Amino acid sequence: MKHLLVIFGGQSGKTRQLCEAVCAGAVAEAQDEVELRCLPAASAGLDDLLWAQGLLIGTPENFGYMAGIVKDFFDRTFYPAQDRVKGLPYAIFISAGNDGSGAARAIERIAIGYGFKPVAEPLIVKGEVTEAALTRCRELGAAMAAGLAAGVF
Ligand SMILES: Cc1cc2nc3c(=O)[nH]c(=O)nc-3n(C[C@H](O)[C@H](O)[C@H](O)COP(=O)(O)O)c2cc1C
């Protein structure tokens, strides 16, 4: 069984909606081969990160950056995880009002510090969460789960 960790932040529920679709996609694709752990960023910690063989990070864009609670996850885990998570495949999904690029860039920079390996372009959903957006999220979750199951990352 491969291990996929999904963490998310957010206040008004849109990132959570994206997260639920990401997770549904992963389960639909590979529930027999991939064990999923989906956690609010505040509840996720070092043990979860070390458990993970794949990581999906969900955040709103707040003030051109990731949610503070997602940054807090990185702040808490960076030093203890250093040199233990190199090469961890990851991808990002973002709920934004009208941009999202600042949050994506900030997470990408931090991910370089950990040595995570990007395996998909950041998925940015602007404005309302439409059915089309949820489909993209399900596809992201499915692609991550399929890649993990197949051992291609
Ligand atoms: C304090 C705050 C700051 C925000 N800053 C940005 C921003 O810089 N760029 C942007 O595109 N949207 C911005 N937004 C809009 C949110 O990204 C958007 O409403 C998002 O869908 C919220 O996700 P959530 O429901 O998971 O909290 C901001 C919202 C809040 C509350």
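Just above sits the structure.
Residues numbered from 1 in each chain as written. Predicted model: local features only at pLDDT ≥ 70, side-chain atom pairs only at ≥ 80, totals over all residues. Heavy atoms only, no water.

Notes on the site of the ligand
Then comes step 1: Near the ligand you find 17 residues, and of these Ser12, Thr15, Glu61, Gly64 and Ser95 are the closest.
Then comes step 2: Taking Phe63, its main chain carries an N or O atom lying 2.8 Å from a nitrogen atom of the ligand.
Then comes step 3: Across the complex, the protein chains shield 73% of the 640 Å² of accessible surface that the ligand would expose by itself.
Then comes step 4: Considering every element that reaches the shell around the ligand, the biggest residue donor is strand β3 (residues 54-62), with 3 residues.
Then comes step 5: Classifying every residue of the shell around the ligand by side-chain character gives 3 nonpolar, 11 polar and 3 charged. (Near = heavy atom within 4 Å. Polar contact = N/O pair within 3.5 Å; in protein donor to acceptor, adjacent residues only side chain to side chain. Areas by Shrake-Rupley, 256 points an atom, 1.4 Å probe, with all protein chains shown as cover. Helix = DSSP H or I, 4+ residues; strand = E, 2+ residues; numbered from the N terminus. Nonpolar A, V, L, I, M, F, W, Y, C, P; charged D, E, K, R; others polar.)

Notes on the side chain of Thr59
Then comes step 1: With respect to the secondary-structure elements, Thr59 resides in strand β3.
Then comes step 2: Given a relative accessible area of 0%, Thr59 falls into the buried group.
Then comes step 3: Leaving out residues up to four positions away in the same chain, Thr59 has contacts with Gly9, Thr15, Met66, Ala67, Val70, Phe93, Ile94, Ser95, Ala103 and Ile107. (Buried < 20%, exposed > 50% of the residue type's maximum accessible area, 1.4 Å probe, protein only. Contact = heavy atoms within 4.5 Å.)

Considering the nonpolar core
Then comes step 1: Core analysis: the largest hydrophobic core is formed by 30 residues, its most contacted members being Leu49, Leu55, Ile57, Phe74, Tyr90, Tyr114 and Phe116.
Then comes step 2: Listing elements by their share of this core, those giving two or more residues are β1 (2-8), α2 (46-51), β3, α3 (68-81), β5 (89-96) and α4 (101-114).
Then comes step 3: Residues Leu18, Cys23, Val125 and Leu134 belong to the second largest nonpolar core, which totals 24 residues. (Core = buried A, V, L, I, M, F, W, Y, C linked by side-chain atoms within 4.5 Å.)

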